[in-house]
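Coordinate inspection notes
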Amino acid sequence: MSKVVNYSMANRGEIARFLPARDLGDDGARLLESMRARARARQDGLDAQEVDWGLSVPDALEELIAGRADSTAEYAGSAYYAALQIVIDHNASDSSTLASYRSPSTLFSALDDALSAAGVPADLLPCQYVYSGPPSEIGVRIPRPLEGSPEIGCWPLAKAGPAVEAYRAVLDQVDADLRYDLEELVKALDSWYSEWAEGQGAWWWAEDGSVFFSITG
């Protein structure tokens, strides 16, 4: 079964203010109610598929906004990550799809190896940000899904620019079988980095702007 890799842009602080929820104001409170409705819909979909994580997505969301993630259910990590993705989606740009892969971890590991061999520094390799987990600003320790799905990644846009330059510089040194996927990753990173960099100083610009990755399937 394939897994879909999506990406969007969000400010880490906007997400962290919900985890735990604090000083939300009227707009934040309305956003939270929308998140709760989305969590119920997500759970309805899981119930229809007879998927049981031992913790419902609505309950996982309530725990996160209360500042905890302490369920002992074996697959609770999947519920927490599904709830976290709902919080991200409500604070992010519209999501775009990078690609669908049979095994994203295999693909990004191969890209790591190829880019490293071509001289790209370790702190710019893809696996570290595509699979980074939640942003560090979140005040709740969230357990990872037991079977690695869903997954979340986060990377500051300030680092995406140097990565785009480094990837483009070695593109012709990367094996042809990986080149298309690398080009698509470059487009994804550059699309948001360019807009973020050009908007510096604008009312919407924020230093903590980041690319968020979501892997589901």
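First things first, this report covers the structure right here in the doc. The structure displayed is predicted, hence computed values, not measured ones.

**A word on the nonpolar core**
- Residues Phe108, Tyr167, Leu189 and Phe213 are the most contacted members of the largest nonpolar core, which totals 40 residues.
- Of all the elements in the fold, those that place two or more residues in this core are β1 (3-11), β2 (96-101), α5 (104-117), α6 (127-130), α7 (157-169), α8 (176-198) and β4 (209-216).
- Residue contributions to this core peak at eight residues, all from α8.

**Some points on the pattern of salt bridges**
- Using the criterion set out here, one finds eleven salt bridges in the structure.
- The closest approach of N and O atoms between glutamate 33 and arginine 36, which form a salt bridge, is 2.4 Å. Taken together, the residues span about one helical turn, with glutamate 33 and arginine 36 both in helix α2 (residues 25-48) at a distance of three residues.
- For glutamate 33, a relative accessible area of 45% translates into the label partly exposed.
- A salt bridge links arginine 168 to aspartate 190; its shortest N-O distance comes to 3.1 Å. Of this pair, arginine 168 sits in helix α7 while aspartate 190 sits in helix α8, and the two are 22 residues apart along the sequence.

**Considerations on the sheet that holds β1**
- What the four strands build is an open sheet, ordered β2-β1-β4-β3; its pairing is antiparallel. A single partner strand is all that each edge strand has here, and the edge strands are β2 and β3 (151-156). For this sheet, the mean inter-axis angle between neighbouring strands, taken without regard to orientation, is 20°.
- Pairing of β1 with β2, which is carried by five bridges, proceeds in the antiparallel orientation. Residue pairing for β2: asparagine 6 is matched across the bridge by threonine 97.

Reading the values: the criteria
- Residues numbered from 1 in each chain as written.
- Predicted model: local features only at pLDDT ≥ 70, side-chain atom pairs only at ≥ 80, totals over all residues.
- Heavy atoms only, no water.
- Core = buried A, V, L, I, M, F, W, Y, C linked by side-chain atoms within 4.5 Å.
- Buried < 20%, exposed > 50% of the residue type's maximum accessible area, 1.4 Å probe, protein only.
- Helix = DSSP H or I, 4+ residues; strand = E, 2+ residues; numbered from the N terminus.
- Salt bridge = Lys/Arg side-chain N within 4 Å of Asp/Glu carboxyl O.
- Pairing = 2+ DSSP bridges.
- Axes fitted to C-alpha atoms, helices over the stretch in contact; angles between N-to-C directions.

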